[in-house]
Amino acid sequence: MSSPGGFRRFAALRNPDCRPYLFGAALAMMADNVEHVITYWILWEKFHSPALAGFQVISHWVPFLLFSVYFGGLADRFDCRRVIQAAQFLFMAVSVAWGVLFLTDSLEIWSACVLLMLHGIAGALWGPGEQLMLHDFVGDQELPSAVRLNATFRSLGILFGPVIGSALLLGLGHTAGIFVNVLVYLPLTIFLFRTKFTGHTRDGRPVRRERVGALDSLRVLRAVRANRTLVSMIALGGLGSFFVGASLQTVMPIFAQDLGAGSAGLAYGILLFAHGAGGVLGGLLLEATGWIPATVSSAVVSTFAYGLSTLLFAVVGNYPLALLLLVVGGVANLTSMSVGQTLVQLLAPPADRGRVIGVYGVASHGLRFGSGITVGLFGSVVGMHWSLAISASALCLGTLLVAGAVLPRRAG
């Protein structure tokens, strides 16, 4: 159904080329999170190492920081189907390796660190190629829908990954569960053998099978610097990533206990679910209504709303209100990230789109390790409530500074 202004509800989901990808990506993201559930549990049971638990976060996000631009160059120059499949095969190989180590009881800290890092690299490799494929499936007009629905389906995978992972862990055991999880990556991998889109067909240019150099990939930074709107979107993504990022999941047990809502375990689970559900519900709501266009103003307002809702969550003492704020924050975060990702794609030069997306990935994903400092380490000094509140305030202030730098110039 279309609105008078030309908006089509769930446009990307109606696209027969894009729809299978969205479902396959959701399954692959769920498999990613299932692996986390199983492996993180076993690593803690076997080693009881807080340092290893910290490395689990670092290994997941640092590859985005180090390699996103380079992997964007690969997506620019090669068939994105094969780039994504390489990432999926790496995911599967890591799961198989975990299973073999579990089966032979030969898991050691060094081998765990290697597999954790390889898993993070697979995630970083997947990102730029995926965004180019979405654009190739639907084109400029329906790209906002594709990016938003892809984020929504990924949120579904993140939401249900712990549920499925726990079921596999309890029902089949960690060894059989991790081997079964390999199969969940297959639908997306098989679909990419069947689709005709390469990530470049809509641009009308052939895939360039040239060598990709790290220094050559970084030249795109100069082109990005000249575009004020691109810089603002990258800055907003980086602010949200660095100051809040992955910290909410880390601090949630503390907040569950402090909010005093009966059983701390139950309160913890509901808080996590509320945060994840906010992203899913937000994506579905935006797709159904089309209320929020892909504009700089939308990105600024939604990023500020994310910071403000996080700030209020940090200081509120009422459990139902905290749940509501987490849902609002999930909606705002999904809106901010999907609008930013869409604008980056639309404004990037076609020949360098993958590398520009890589730069955005460095900011929006790679800088998430910083939330371990701004919230985690700082929280050990002033308390988690204060550190989260101060970090969220910094996000709000940074968002206002970006707005002041970009919006008046655009209006003129």
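Predicted, not measured: the structure shown is a model, and the values here were computed from it. (Residues numbered from 1 in each chain as written. Predicted model: local features only at pLDDT ≥ 70, side-chain atom pairs only at ≥ 80, totals over all residues. Heavy atoms only, no water.)

(A) Focus on the overall build of the protein. Helices and strands together make up the secondary structure of the protein, namely 18 helices and zero strands. Counting every position in the protein, which comprises 412 residues, the buried fraction comes to 53%. Restricting the contact set of the protein to residue pairs at least 6 apart, pairs at least 24 apart contribute 85%. Roughly 17,300 Å² of accessible area belongs to the protein as shown, and the carbon and sulfur atoms make up 69% of that amount. (Helix = DSSP H or I, 4+ residues; strand = E, 2+ residues; numbered from the N terminus. Buried < 20%, exposed > 50% of the residue type's maximum accessible area, 1.4 Å probe, protein only. Contact = heavy atoms within 4.5 Å. Areas by Shrake-Rupley, 256 points an atom, 1.4 Å probe, with all protein chains shown as cover.)

(B) Examining the environment of valine 231 more closely. Locating valine 231 in the fold gives a position in helix H11 (residues 228-243). In this structure valine 231 touches Val224 and Arg225, once residues within four positions along its chain are discounted.

(C) Inspection of the packing of helix H4 (residues 80-104) against helix H8 (residues 186-194) at higher detail. One way to put it is that H4 packs onto H8 with a least axis distance of 10 Å and a crossing angle of 155 degrees. Comparing their axes, H8 and H4 come out roughly antiparallel. Our pair here, H4 against H8, has a crossing hand that is left-handed. Residues Arg81, Arg82, Ile84, Gln85, Gln88, Phe89 and Met92 of H4 form the contact with H8, whose own contacting residues are Leu186, Leu188, Thr189, Leu192 and Phe193. Per-class residue counts for the contact of H4 with H8 are seven nonpolar, three polar and two charged. (Axes fitted to C-alpha atoms, helices over the stretch in contact; angles between N-to-C directions. Parallel < 35°, antiparallel > 145°, perpendicular 65-115°, else oblique. Left-handed = near helix turned anticlockwise from the far one by under 90°. Nonpolar A, V, L, I, M, F, W, Y, C, P; charged D, E, K, R; others polar.)

(D) Examining the environment of aspartate 203 more closely. When you line up the elements, aspartate 203 lands in the loop between H8 and helix H9 (214-218). What makes aspartate 203 partly exposed here is its relative accessible area of 26%. The spacing of aspartate 203 and proline 350 is 147 residues in sequence and 6.9 Å in space, taken between C-alpha atoms.

(E) View of unusual backbone geometry. Residue aspartate 105 is not a glycine yet carries a positive backbone phi of 50 degrees. Mapping aspartate 105 onto the fold places it in the loop between H4 and helix H5 (109-138). Judged by relative accessible area, which is 61%, aspartate 105 ranks as exposed.

(F) A look at the packing of helix H2 (residues 18-47) against H5. Relative orientation of the contacting elements H2 and H5 amounts to 165 degrees, with a least axis distance of 12 Å. Relative to H5, the element H2 lies roughly antiparallel. When the axes of H2 and H5 are compared, the crossing they make is left-handed. Contacts between H2 and H5 involve Cys18, Tyr21, Leu22, Ala25, Ala28, Met29, Asp32, Glu35, His36, Tyr40, Leu43 and Phe47 from the first element and Ile109, Ala112, Leu116, His119, Trp126, Glu130, Leu134, Phe137 and Val138 from the second. When its residues are assigned to classes, the contact of H2 with H5 shows 16 nonpolar, two polar and three charged.

(G) Representation of the nonpolar core within the structure. Ranked by internal contacts, the top residues of the largest apolar core, which has 106 residues, are Tyr21, Trp98, Trp126, Leu271 and Phe313. Of the residues forming this core, the biggest block, 13 residues, is contributed by H2. Beyond its immediate chain neighbours, meaning those up to four positions away, tyrosine 21 contacts Ile84, Trp126, Glu130, Leu134, Phe137, Asn150, Leu188, Phe191 and Leu192. (Core = buried A, V, L, I, M, F, W, Y, C linked by side-chain atoms within 4.5 Å.)

(H) Examining a nonpolar patch on the surface more closely. Together, Leu172, Val180, Leu183, Leu186 and Ile190 line one region of the surface with nonpolar side chains, adding up to about 420 Å² of accessible area. For isoleucine 190, the location among the structural elements is in helix H8. (Patch = residues over 30% accessible without salt bridge, like charges linked within 9 Å, V, L, I, M, F, W, Y side chains within 5 Å. Salt bridge = Lys/Arg side-chain N within 4 Å of Asp/Glu carboxyl O.)

Distances and angles like these do not, on their own, reveal function.
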